[in-house]
Amino acid sequence: TPIKSSAASDVYKRQEKHHCYLICDRDDVNTSTANGKFFVRMLTVLSQLEIEIVSERTKFGLTGAIKAGHLPSNAPLGYKRVDKKVVIDPATKGIIERIFELYLQGKSYQTIANIFNEEKVLFPEKKKWTDSIIEKIINNRIYIGDYERYKRVGKEQGKETEIFMNVVEPIISRAMWEDVQKQKEKNQMSYCRDRVYMFFQKLQCPT
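Everything numeric in this text was worked out from a predicted model, so none of it was measured. (Residues numbered from 1 in each chain as written. Predicted model: local features only at pLDDT ≥ 70, side-chain atom pairs only at ≥ 80, totals over all residues. Heavy atoms only, no water.)

## Considerations on the overall build of the chain
The helix and strand inventory of the chain stands at seven helices and six strands. Reading the helices (α) and strands (β) of the chain from amino to carboxyl end gives α-β-β-α-β-β-α-α-α-β-α-β-α. A separation of at least 24 residues holds for 48% of the contacts in the chain among residues at least 6 apart in sequence. Of the roughly 15100 Å² that the chain leaves accessible, carbon and sulfur atoms contribute 53%. (Helix = DSSP H or I, 4+ residues; strand = E, 2+ residues; numbered from the N terminus. Contact = heavy atoms within 4.5 Å. Areas by Shrake-Rupley, 256 points an atom, 1.4 Å probe, with all protein chains shown as cover.)

This is the structure we're talking about:
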């Protein structure tokens, strides 16, 4: 069967590394000649172009889907999927609203988690609320209707976070979101240490 451009270029690179050459009668590939090397290089360029075009089309299609409310990730708490579209879940919407209200009252992530665990909100058995779960909800822009792409992998892969505004129906208002951001700054300031601890982060409990 004829060689695909990507396969031919890969083979050529390996052969060239070991000072060998490739001859394919059906594809007129002969890397021992100048014309043959040029042909393989052209295949390499075309292969890369094909990859970039496919990537561009995929990204364009995904962007359109996100703007239509078809999010690529799982529906977060407070939402559910209906015909692949993310919509508000009336059964859990109130939990999200209460989390933001409690936080604005000055409650910490851990305090809110403790309250929910005592009341057995949503998790009546083994699973527990934690401060990290509450923090993740407080920092999720989906609750004002926006979707952040590359939020988790952006730093690792060197990609900038993309924000798509008003892609789903919001659970909280943007005014409340802004108030929460101000409350976060107050909480961070209250946690600042005014003393120097010589063994801070140097000693660890073995248990």
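## What about the pairing of strand S4 (residues 85–88)?
Judged from the four bridges that link them, strand S3 (residues 79–82) and S4 form a sheet pairing that is antiparallel. By the bridge assignment, Val82 is partnered in S4 with Lys85. (Pairing = 2+ DSSP bridges.)

## What about the pattern of salt bridges?
If charged atoms from side chains of opposite charge come close, those side chains can pair. A full pass over the atoms with the stated rule returns four salt bridges. Lys93 is paired through a salt bridge with Glu97; the nearest N and O atoms lie 4.0 Å apart. Of this pair, Lys93 and Glu97 both sit in helix H3 (residues 90–104), four residues apart, roughly one helical turn. (Salt bridge = Lys/Arg side-chain N within 4 Å of Asp/Glu carboxyl O.)

## Let's talk about the nonpolar core
Membership of the largest hydrophobic core comes to 32 residues, with the highest contact counts inside it found for Ile99, Phe100, Phe116, Trp129 and Tyr143. Listing elements by their share of this core, those giving two or more residues are S4, H3, helix H4 (109–119), helix H5 (131–138) and helix H7 (174–190). For this core, the element with the highest residue contribution is H3, accounting for six residues. Not counting the four nearest positions on each side in its chain, Trp129 is found in contact with Leu77, Ile95, Ile99, Ala113, Phe116, Asn117, Val121, Leu122, Phe123, Ile134 and Ile137. (Core = buried A, V, L, I, M, F, W, Y, C linked by side-chain atoms within 4.5 Å. Buried < 20%, exposed > 50% of the residue type's maximum accessible area, 1.4 Å probe, protein only.)

## Some words on the packing of H3 against H4
Running from N to C, H3 and H4 point in directions that differ by 135°, and their axes come no closer than 10 Å. Classified by the angle between their axes, H3 and H4 sit oblique to one another. Between H3 and H4 the crossing geometry is right-handed. Note on element contacts: H4 touches H3 through Tyr109, Ile112, Ile115, Phe116 and Glu119, opposite Ile95, Arg98, Ile99, Leu102 and Tyr103. (Axes fitted to C-alpha atoms, helices over the stretch in contact; angles between N-to-C directions. Parallel < 35°, antiparallel > 145°, perpendicular 65-115°, else oblique. Left-handed = near helix turned anticlockwise from the far one by under 90°.)

## Describing H5
Every α-helix winds through 3.6 residues per turn, so residues three or four apart in the chain are directed the same way. Listed in full, the buried residues belonging to H5 are Ile134, Ile137 and Ile138. Looking straight down H5, one finds its buried side chains confined to an arc of 100°; they lie on one side. (Arc of directions from axis to C-beta.)

## A short note on unusual backbone geometry
Phi is positive for Lys120, which is not a glycine, with a value near 55°. Relative to the helices and strands, Lys120 resides in the loop between H4 and H5. Positive phi, close to 70°, is recorded for Leu122, a residue that is not glycine. With respect to the helices, strands and loops of the structure, Leu122 is situated in the loop between H4 and H5.

## Topic: the packing of H3 against H5
Between H3 and H5, the shortest axis-to-axis distance is 10 Å and the interhelical angle comes to 95°. Judged on the interaxial angle alone, H5 and H3 are roughly perpendicular. Along the contact surface, H3 presents Ile96, Ile99, Phe100 and Tyr103, while H5 presents Ile134, Ile137 and Ile138. Within the contact of H3 with H5, the residues separate by chemical class into seven nonpolar, no polar and no charged. (Nonpolar A, V, L, I, M, F, W, Y, C, P; charged D, E, K, R; others polar.)

## Here we look at H3
For H3, built from 15 residues, the straight-helix expectation of 21 Å at 1.5 Å per residue is met to within 8% by its first-to-last C-alpha distance of 22 Å. By the burial criterion, the buried members of H3 are Thr92, Ile95, Ile96, Ile99, Phe100, Leu102 and Tyr103. The buried residues of H3 all sit within an arc of 165° when viewed along its axis, so they share a single face. After H3 finishes, the residue Gly106 shows a positive phi value of roughly 100°. (Expected span 1.5 Å × (residues − 1).)

## Considerations on the confidence of the model for the chain
Mean pLDDT over the chain: 79, with 75% of residues reaching 70 or higher. Put simply, helix H6 (residues 154–157) is where the chain has its lowest mean pLDDT, 58, and H3 is where it has its highest, 95. (pLDDT = per-residue confidence, 0-100.)

## Comments concerning the environment of Ile95
Mapping Ile95 onto the fold places it in helix H3. Separated by 21 residues in the primary sequence, Ile95 and Phe116 place their C-alpha atoms 9.5 Å from one another. Beyond its immediate stretch of four places on either side in the chain, Ile95 contacts Leu77, Phe116, Val121, Leu122 and Trp129.

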